[in-house]
Amino acid sequence: MIPDQGAGERWPMMNRTAPRPRLHAARARLARLPEAVWAPLAGAALMALPAAVGLVMGKPWLFPSLGPTVFVHVTTPRSPGARLYNTLVGHLLGIVAAAAAVAVLGAAAEPSVMGSGHLLWRRAWASVLAVALTLLSQELLKAQHAPAAATTMLITLGGFRADWSDVATITVGVLLVALPGELARRARIPSSRGP
C-alpha cells in the first residue's frame, strides 16, 4: 500500500521534515542556560557515567584524561576538538602513538612513574616521542583533541600498560564520555531551525 500525500499528517514518522517542537524547545532552553550553570551540571553528568558504570562493573573506566575531554565538550561545543570524530580518533591515535613509543624505547621495562615516584629516562623520552607522534597523526587526520595527549602520557608514564586489557579499559572510558558528550555538545549549540 502506498500512502497518499496526506500520510505525513497521519503518520508523522513518515514526514522527515516535520518539526519536533518539544525537542527544539528543549534544545533552545539548554542553549540559553548560563555557562556557569550548564558547564558544571553537564560536566558532572558526563563524569558520573564512567564513574558509576566503572564502580558497578569493577573497572577503572574513570581516568584523568577524561576530565579534559569532558571540559572540551561542555565549554567549547563548537570547537573541532569537541566533535565525536576528533574525540574518538584523537584518543585512538594517542594510544597508538604511546604504544609505539613504549615499544621502540623499551619503556615497559621501567617501573611506572606513578607507582615508583621516579621518572626514568626511557619513560621520559617515550613521553616526548609519543606526544610528538600524537600531534603529528592528529594533524594529518584532522582529529585534533588535546586531552588525548594526556591519554598518551598515561601509557608512556606507566599508569596504563600498552596491552589489550588496558587499551580496552581506555576505549570503554572514552566511549562512556564521548557518546553522551556528543549529545551534550549538540544540545548546547542552538538549532538553525526554529521551534
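Here, the structure is the one placed above.
Residues numbered from 1 in each chain as written. Predicted model: local features only at pLDDT ≥ 70, side-chain atom pairs only at ≥ 80, totals over all residues. Heavy atoms only, no water.

## Digging into unusual backbone geometry
The condition is simple: Comment: elements are numbered from the N terminus, with helices defined as DSSP H or I runs of at least four residues and strands as E runs of at least two.
Of note, Lys 142 is a non-glycine position whose phi angle comes to about 50°, a positive value. Looking at the secondary structure, you find Lys 142 in the loop between α7 (121–140) and α8 (148–156).

## Some words on the side chain of Ser 65
The test is simple: Two N or O atoms form a polar contact when they lie within 3.5 Å of each other; inside protein one atom must be a possible hydrogen donor and the other a possible acceptor, and for residues adjacent in sequence the pair counts only when both atoms belong to side chains.
Tracing the backbone through its elements, the reader meets Ser 65 in the loop between α3 (35–57) and α4 (66–75). Within the structure, Ser 65 has its side chain in polar contact with the side chain of Thr 151 (distance 2.6 Å).

## Some thoughts on the packing of α7 against α8
Selection criterion: An axis is simply a line fitted to the C-alpha atoms; with a helix, the fit covers only the stretch in contact. Between two such axes, the angle follows the N-to-C directions and lies from 0 to 180 degrees. The cut-offs work like this: below 35 degrees is roughly parallel, past 145 is roughly antiparallel, 65 to 115 is roughly perpendicular, and the gaps in between are oblique. Take the far helix as your reference; a near helix turned counterclockwise from it by less than a right angle gives a left-handed crossing, and one turned clockwise gives a right-handed crossing. Throughout, a residue-residue contact means that at least one pair of heavy atoms, one from each residue, lies within 4.5 Å. Throughout, the ten residues Ala, Val, Leu, Ile, Met, Phe, Trp, Tyr, Cys and Pro are labelled nonpolar, Asp, Glu, Lys and Arg are labelled charged, and all others, Gly among them, are labelled polar.
With their axes 9 Å apart at the nearest point, α7 and α8 run at an angle of 150° to one another. Overall, the two elements α7 and α8 adopt an arrangement that is roughly antiparallel. Of the two elements, α7 crosses α8, and the hand of that crossing is right-handed. Here Arg 123, Ala 126, Ser 127, Ala 130, Val 131, Thr 134 and Gln 138 of α7 lie close against α8, whose contacting residues are Ala 148, Thr 152, Met 153, Ile 155 and Thr 156. The class makeup of the residues in the contact of α7 with α8 is 6 nonpolar, 5 polar and 1 charged.

## Quick look at the environment of Ala 39
Considering the arrangement of structural elements, one finds Ala 39 in helix α3. Once the C-alpha coordinates of Ala 39 and Thr 76 are considered, the two residues, 37 residues apart in sequence, prove to be 9.8 Å apart. Residues in contact with Ala 39, not counting those within four places in the same chain, are Val 74 and Thr 75.

## A few points about the pattern of salt bridges
Note the threshold: By convention in these notes, a salt bridge is any Lys or Arg side-chain nitrogen within 4 Å of a carboxyl oxygen on Asp or Glu. Under the scheme applied here, a residue whose accessible area is under 20% of the maximum for its type counts as buried, over 50% as exposed, and between as partly exposed, the area being computed with a 1.4 Å probe on protein chains only.
By the definition in use, this model includes 6 salt bridges. Where Glu 182 meets Arg 186, a salt bridge forms, and the shortest distance between an N and an O atom there is 2.7 Å. Taken together, the residues Glu 182 and Arg 186, both in helix α9 (residues 164–188) and 4 residues apart, mark about one turn of the helix. Judged by relative accessible area, Glu 182 falls into the buried class, the value being 7%. Connected via shared salt-bridge partners are Arg 161, Asp 163 and Asp 166.

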